[in-house]
Amino acid sequence: METLKLNADEWYTPFFRLIETQAKGNLQAYLDICEQVYQTLDDEQRLNLIAAQAAVMRKAEKQLKQRAAMFIRKRLENMTLSQLGNVVYPLAVLEGPDE
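What comes next concerns the included structure. Just so it is clear, the structure is predicted and the values come from calculations on it, not from any experiment. (Residues numbered from 1 in each chain as written. Predicted model: local features only at pLDDT ≥ 70, side-chain atom pairs only at ≥ 80, totals over all residues. Heavy atoms only, no water.)

**Focus on the packing of helix 3 (residues 43-57) against helix 4 (residues 62-73)**
So, step 1. Their axes nearest at 10 Å, the elements helix 3 and helix 4 cross at an angle of 170°. On the basis of their axis angle, the class for helix 3 and helix 4 is roughly antiparallel. In this structure, helix 3 contributes Leu 49, Ile 50, Gln 53 and Met 57 to the contact, and helix 4 contributes Leu 64, Lys 65, Ala 68, Phe 71 and Ile 72.
So, step 2. The residue inventory of the contact of helix 3 with helix 4, partitioned by class, reads seven nonpolar, one polar and one charged. (Axes fitted to C-alpha atoms, helices over the stretch in contact; angles between N-to-C directions. Helix = DSSP H or I, 4+ residues; strand = E, 2+ residues; numbered from the N terminus. Parallel < 35°, antiparallel > 145°, perpendicular 65-115°, else oblique. Contact = heavy atoms within 4.5 Å. Nonpolar A, V, L, I, M, F, W, Y, C, P; charged D, E, K, R; others polar.)

What follows is the structure, encoded as structure tokens:
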């Protein structure tokens, strides 16, 4: 990506950080980065980040799932109706019964 300059505008940079952290298995640090970068993202990126919480945290400890759900819930009041419709599933996964 760098050689081809596909990330010249650094649009993907926050997601690279998240992917690398998740790959290392450090979900606590993953959530730290989510909180750090959320305000710097555009609406599409924010929605992608929130939607990803279900997959990333599916097998996580209950404490991490609760933290991820709180991360989403803290941002609900600033979302449009359309955006709210997209957070139902991630919240259901995070706050529902463990698999």
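**Section: the packing of aromatic side chains**
So, step 1. In the structure shown here, the tally under the stated rule is one aromatic pair.
So, step 2. Seen in terms of ring centroids, Tyr 38 and Phe 71 are 5.6 Å apart; in terms of plane orientation they differ by 90°. Their pairing is edge-to-face. Taken together, the residues span a long stretch of sequence, with Tyr 38 in the loop between helix 2 (27-37) and helix 3 and Phe 71 in helix 4 at a distance of 33 residues.
So, step 3. Overall, Phe 71 belongs to the buried group, its relative accessible area being 2%.
So, step 4. Between Arg 75 and the ring centre of Tyr 38, over which it is positioned, the NZ or CZ distance is 4.7 Å. (Phe/Tyr/Trp six-rings, centres within 6.5 Å; stacked < 30°, edge-to-face > 60°. Buried < 20%, exposed > 50% of the residue type's maximum accessible area, 1.4 Å probe, protein only. Lys NZ or Arg CZ within 6 Å of the ring centre and 35° of its normal.)

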